[in-house]
Amino acid sequence: MISQVVKQKIRNLSVHDLLEQSREFNVPLTKSQATEIVAFLKNSNLNPLDEKDRMKALKKLAQITDPKTAQKVNKIFQEMIKENGLSHWF
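Residues numbered from 1 in each chain as written. Predicted model: local features only at pLDDT ≥ 70, side-chain atom pairs only at ≥ 80, totals over all residues. Heavy atoms only, no water.

Looking now at the confidence of the model for the chain. When pLDDT is averaged along the chain, the result is 83; 86% of the residues meet or exceed 70. Taken element by element, the predicted model of the chain shows its lowest mean pLDDT in helix α1 (residues 2-11) (76) and its highest in helix α4 (residues 51-64) (91). (pLDDT = per-residue confidence, 0-100. Helix = DSSP H or I, 4+ residues; strand = E, 2+ residues; numbered from the N terminus.)

Following this line, the structure appears as structure tokens:
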């Protein structure tokens, strides 16, 4: 059930939303990069609760942006998981 909610949120993510989040967390993204990321996420069947799938997504993110940005996004993701008490799902 949690997996479906997370997948739905990912599929509903807009370029605008992603750019706002990137500014909030100080992760530099161009509009072009955000567009590519959103397209990848919407067309991907990766399970965000599966560590292997998350690693595949981070590798793709590193290809779209750069490895440093992908690492920063991963750290933010981990912090968000902890803040929301969802560590046991990941």
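Next comes the rest of the account.
Our next topic: the nonpolar core. Residues Leu 13, Leu 18, Leu 19, Leu 29, Ala 34, Ile 37, Val 38, Leu 58, Leu 61, Ile 64 and Ala 70 constitute the largest nonpolar core, which totals 11 residues. Secondary-structure elements contributing two or more residues to this core are α2 (15-24), α3 (31-43) and α4. Once residues lying within four places of it in the same chain are set aside, the contact partners of Ile 37 are Leu 18, Leu 29, Leu 61, Ile 64 and Thr 65. (Core = buried A, V, L, I, M, F, W, Y, C linked by side-chain atoms within 4.5 Å. Buried < 20%, exposed > 50% of the residue type's maximum accessible area, 1.4 Å probe, protein only. Contact = heavy atoms within 4.5 Å.)

Along the polypeptide, Lys 31 turns up in helix α3. Taking the C-alpha atoms as reference points, Lys 31 and His 16, separated by 15 residues in sequence, lie 8.5 Å from one another.

Before going further, it helps to examine the side chain of Asp 53. Within the secondary structure, Asp 53 is located in helix α4. Here Asp 53 is in contact with Leu 46 and Asn 47, once residues within four sequence places are set aside.

With 13 residues, α3 should reach 18 Å at 1.5 Å per residue; the first-to-last C-alpha distance of 18 Å fits that figure. Burial in α3 covers these residues: Gln 33, Ala 34, Ile 37 and Val 38. Summarising the axial view, the buried residues of α3 lie within an arc of 130°, below the 170-degree limit, and thus occupy one face. Structurally, α3 contributes buried residues whose contacts are with α2 and α4. (Expected span 1.5 Å × (residues − 1). Arc of directions from axis to C-beta.)

Where α2 contacts α3, the two axes come as close as 9 Å, and the packing angle between them is 120°. Put simply, α2 runs oblique to α3. Considering how the two elements wind past one another, α2 and α3 form a crossing that is right-handed. Counting all contacts with α2, which are made through Val 15, Leu 18 and Leu 19, the residues of α3 involved are Lys 31, Ala 34, Thr 35, Ile 37 and Val 38. (Axes fitted to C-alpha atoms, helices over the stretch in contact; angles between N-to-C directions. Parallel < 35°, antiparallel > 145°, perpendicular 65-115°, else oblique. Left-handed = near helix turned anticlockwise from the far one by under 90°.)

For the rest of this paragraph, the subject is the environment of Ser 22. Within the secondary structure layout, Ser 22 lies in helix α2. Taking the C-alpha atoms as reference points, Ser 22 and Ala 34, 12 residues apart in sequence, are found 9.1 Å from one another. Excluding anything up to four places from it in sequence, Ser 22 contacts Val 27 and Leu 29. A polar atom in the side chain of Ser 22 sits 2.8 Å from the backbone oxygen of Leu 19. (Polar contact = N/O pair within 3.5 Å; in protein donor to acceptor, adjacent residues only side chain to side chain.)

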